[in-house]
Amino acid sequence: MEPLPPLPSADVPSGLVWPSANGREILQRIPVDDAVLHTELVGRSGTADGSGRSDAYIYEAGIWCLKTAARRRFLDADEARDALLRLVRHKILLGDLLVQNTVLTVQHGPTGDFWLWTVTPWLTTLRGSMTYAVHRKDGAELERSLVIFGELAVRALLLASRANVLLDVHPSNFASLRDRCYYLDDDIARGSRLPAVGFALLRRVDEYAEWPAATTAYVNVVAAALAEHLDQEDIERLDLRRALQDAIVRSPAALAARVRFLEALSSGARG
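For clarity, every value in this text was computed on a predicted model and none was experimentally measured.

Describe in detail the pattern of salt bridges, supporting the description with residues and values.
Proximity of charged atoms lets side chains of opposite charge pair with each other. According to the stated counting rule, one finds 17 salt bridges in the structure shown. Glu 141 is paired through a salt bridge with Arg 144; the nearest N and O atoms lie 3.0 Å apart. Here Glu 141 pairs with Arg 144, and both are found in helix H4 (residues 139-163), just three residues apart, close to one helical turn. Owing to a relative accessible area of 35%, Arg 144 belongs among the partly exposed residues under this scheme. In this structure, Arg 237 engages Glu 233 in a salt bridge whose closest nitrogen and oxygen atoms are separated by 2.4 Å. Highlighted residues: Arg 237 and Glu 233, both in helix H7 (residues 232-238), separated by four residues, approximately one helical turn. The exposure class assigned to Arg 237 is partly exposed, which follows from its relative accessible area of 26%.

Below you can see the structure in the form of structure tokens.
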């Protein structure tokens, strides 16, 4: 069994914590001695909440979420610092989608390795809200979460087309708190193509086909947002028609949603 990574602490050297203004102060407030490892949130698939990657480590410490992964372990301090700076640059690209009080830090381990950590307040993901709604048979809450996801998915398309910022469009990677929405994941890249976004948009209809009122509201919101916000240049840059056409779907509702989304691209395309 692999040893667990060293938990982040406030006594890291200068240059290994961001933001420099208050990152160390936030780390001091985290009850790391009470941190609980959530193995059930790792290697998830289907409608389960959590990370799809199997090498992640997700801890809950008080109100805080502490995340790292085996792929974020480095044997060289300079390599770890470079990874930290890359992630900082990518996080800044999120704008108001960045979780408030996010801290990025590198923790030196007892065996000489270095681990890159992301620390944020613990937020319920949209997938978690969807799962809870289904469990409670709460169609209104499921509809609310799906609609928010749909709006965020179209926002991710705009970020890709107009700012060359690529997000992983999945409900486990977004959260909504009061009137704010956030992107929780550390997978942020540069580019204008999201080849899996067609699947991401249509998969939700397949997953919740037994909740037609909720999925109908979701499809309506996505179709309206596609028509309103994306112009012809966006659609071509994203290669969005192909992404939708190539997505594998199962249910009649998802097939109908694909037709609706493609129609929205044609009826709303401008420029």
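On we go from here.
Report on H4, specifying residues and quantitative values.
Given a rise of 1.5 Å per residue, 25 residues ought to cover 36 Å, and the 35 Å separating the end C-alpha atoms of H4 matches this to within 8%. Among the residues of H4, the N-terminal cap falls to Asp 138, whose side-chain oxygen and the backbone nitrogen of Ala 140 are separated by 3.3 Å. Where H4 terminates, the next one or two residues include Asn 164, which has phi positive at roughly 55°.

Cut-offs applied
- Residues numbered from 1 in each chain as written.
- Predicted model: local features only at pLDDT ≥ 70, side-chain atom pairs only at ≥ 80, totals over all residues.
- Heavy atoms only, no water.
- Salt bridge = Lys/Arg side-chain N within 4 Å of Asp/Glu carboxyl O.
- Helix = DSSP H or I, 4+ residues; strand = E, 2+ residues; numbered from the N terminus.
- Buried < 20%, exposed > 50% of the residue type's maximum accessible area, 1.4 Å probe, protein only.
- Expected span 1.5 Å × (residues − 1).
- Polar contact = N/O pair within 3.5 Å; in protein donor to acceptor, adjacent residues only side chain to side chain.

Remember that the coordinates give geometry; whether it matters functionally is a separate question.
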